[in-house]
Amino acid sequence: MKIYHFLLLSVVLLLGCDQKSQSSGGGTTNASSGGSVLTAPVYYLRAAGKAQQSAVKTVDTASLNQAIQLFNVEKGRNPKDLDELVREKFIPQIPAAPYGTKLVYDAGAGKVSVVKE
């Protein structure tokens, strides 16, 4: 019986919220959302996936750039390539780039960036 009441209350609240948002008229809307309760999980998962890819790119390049800076402090120069960081044990391995991207190392500037393939 409690489950029935909970489900009924949930449906009433969802319908009430939907009618309220439609009747308000002058409010701003978010262009990235479809405005449907049914499609909200799709938009959420898409945004979460993009955020995760962005976070992975940031973390990988930050750790590599920090290893390059440490290499420069100890050796007085930038590594010739990222493999030199592994050989000299500044990092255990070169991290994999997110799908559809690759790591690009600029030895002159001593910076790593992630670019689309």
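Structure: above.
Residues numbered from 1 in each chain as written. Predicted model: local features only at pLDDT ≥ 70, side-chain atom pairs only at ≥ 80, totals over all residues. Heavy atoms only, no water.

Draft legend 1. Structural context of the nonpolar core. Counting residues in each nonpolar core, the largest one holds ten residues, listed as Leu-64, Ala-67, Ile-68, Phe-71, Leu-82, Leu-85, Phe-90, Ile-91, Tyr-105 and Val-112. Elements that contribute at least two residues to this core include exactly helix 2 (40-75) and helix 3 (82-87). With near-sequence residues (within four places) excluded, Val-112 lies in contact with Thr-61, Leu-64, Asn-65, Ile-68, Leu-82, Leu-103, Val-104 and Tyr-105. (Core = buried A, V, L, I, M, F, W, Y, C linked by side-chain atoms within 4.5 Å. Buried < 20%, exposed > 50% of the residue type's maximum accessible area, 1.4 Å probe, protein only. Helix = DSSP H or I, 4+ residues; strand = E, 2+ residues; numbered from the N terminus. Contact = heavy atoms within 4.5 Å.)

Draft legend 2. Just the pairing of strand 1 (residues 101-106), in detail. Relative to strand 2 (residues 111-116), strand 1 runs antiparallel, the two being bridged by six bridges. Within strand 2, the position partnered with Thr-101 by the bridge is Lys-116. Here strand 1 hands over to strand 2 after four residues, with Gly-110 in that stretch at a positive phi of 70°. (Pairing = 2+ DSSP bridges.)

Draft legend 3. Spotlight on the pattern of salt bridges. One pass over the structure, following the stated rule, counts three salt bridges. The residue Glu-88 makes a salt bridge to Lys-75 at a minimum N-O spacing of 3.1 Å. One end of the pair, Glu-88, is in the loop between helix 3 and strand 1; the other, Lys-75, is in helix 2, and 13 residues separate them in sequence. Classification of Glu-88 as partly exposed rests on a relative accessible area of 37%. Classification of Lys-75 as partly exposed rests on a relative accessible area of 42%. The salt bridge partner of Arg-87 is Asp-81, with a shortest N-O separation of 3.9 Å. Here Arg-87 falls in the exposed class, since its relative accessible area comes to 55%. On the accessibility criterion, Asp-81 (30% relative accessible area) is partly exposed. (Salt bridge = Lys/Arg side-chain N within 4 Å of Asp/Glu carboxyl O.)

Draft legend 4. Spatial organisation of the side chain of Asn-65. Inspection of the secondary structure assignment puts Asn-65 in helix 2. Take Asn-65: its relative accessible area is 14%, and that puts it in the buried class. Side-chain polar atoms of Asn-65 contact the backbone nitrogen of Val-112, separated by 2.8 Å. Discounting chain neighbours no more than four positions away, the residues touching Asn-65 are Gly-110, Lys-111 and Val-112. (Polar contact = N/O pair within 3.5 Å; in protein donor to acceptor, adjacent residues only side chain to side chain.)

Draft legend 5. Spotlight on the environment of Ser-63. On the secondary structure map, Ser-63 appears in helix 2. By relative accessible area, Ser-63 is classed as partly exposed at 35%. Separated by 49 residues in the primary sequence, Ser-63 and Val-112 place their C-alpha atoms 9.7 Å from one another.

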